[in-house]
Amino acid sequence: LIINGDEPHTKRIYEEFKTSSTTFGFEGQNAFVAEEAGILYENKRPVGMHFYVSHSGARLPVELHGALGKPRIYAALAALAVAEAAGVALEPAIQALAAWQPPPGRMRLIDGIKGSIIIDDTYNSSPAAAFAALDTLKEIQGARRRIAVLGDMLELGRFSAEAHKQVGEHAKKCAGLLVTVGFRAKTIGQAALDIGMPESKIRQYEQGESERAGKELEPDLQKGVVVL
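What counts as what
Residues numbered from 1 in each chain as written. Predicted model: local features only at pLDDT ≥ 70, side-chain atom pairs only at ≥ 80, totals over all residues. Heavy atoms only, no water. Pairing = 2+ DSSP bridges. Helix = DSSP H or I, 4+ residues; strand = E, 2+ residues; numbered from the N terminus. Axes fitted to C-alpha atoms, helices over the stretch in contact; angles between N-to-C directions. Contact = heavy atoms within 4.5 Å. Buried < 20%, exposed > 50% of the residue type's maximum accessible area, 1.4 Å probe, protein only.

A closer look at the sheet that holds strand 2 (residues 22-25)
Logical step 1: Spatial ordering of the open sheet is given by 1-2-3-4-5, a layout of five strands whose pairing is mixed. Only two strands of the sheet have a single neighbouring strand rather than two, namely strand 1 (2-4) and strand 5 (58-65). Across the sheet, the mean angle separating the axes of adjacent strands is 30° when strand polarity is ignored.
Logical step 2: Pairing between strand 3 (residues 32-42) and strand 4 (residues 45-55): eight bridges, direction antiparallel. Its bridge partner lying in strand 4, Glu 35 is registered against Tyr 52.
Logical step 3: Packed onto the sheet, helix 1 (residues 8-16) meets strand 1 and strand 2 and runs at close to 145° relative to strand 1.

Description of unusual backbone geometry
Logical step 1: At Glu 36, a position not held by glycine, the phi torsion is positive, near 55°.
Logical step 2: Residue position: Glu 36 is located in strand 3.
Logical step 3: At Glu 155, a residue that is not glycine, the phi angle is positive and equals roughly 60°.
Logical step 4: Residue position: Glu 155 is located in the loop between strand 8 (145-151) and helix 5 (160-174).
Logical step 5: Looking at Glu 155, the relative accessible area reads 82%, which means it is exposed.

Okay, structure coming up:
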């Protein structure tokens, strides 16, 4: 078993299956530990993530290209743990990760028009993923402007309204302009407004108006603008 050792739910699994398990995460008790993690830059533009992995007395640098965010590092640690279980040494596994190409929709970096930068996280979302994506947007150094374009999060049941509210409150702290698309996403915009984001910095669109939202965002795009 290869287990996220930072997560309370999976920690309990590890306690039960210690002899046949290994763990990964940012906390020091894990077998594979990420240290000094951050965004990787080239010519002042974000190009990926970097960190050091500590394992069995070794501490080696790791680079991931083409995608951003702490979840990418968790995935990389899991991959390194799988590699060891399959008999692949740490250094060749790290080299393979450096050549990895991220899939569409998972915090993938795309060159936008007029020198802007797009973080493509369009595949699907959950509250935890939205928080992580917004934190990454806030973390990017040297951004002239940070724009968050957020849609509905589905399949949340009775947690839906509160989850969208929390994302809206977090977006206010991370983005200079908030664009929402969809019925549920209206709660995101309203929550940001309620805690003090200026109305002029919030744009809301109905379901099916994604193309219109994009067209009306074009004048805001220029070098140094980052769009999530």
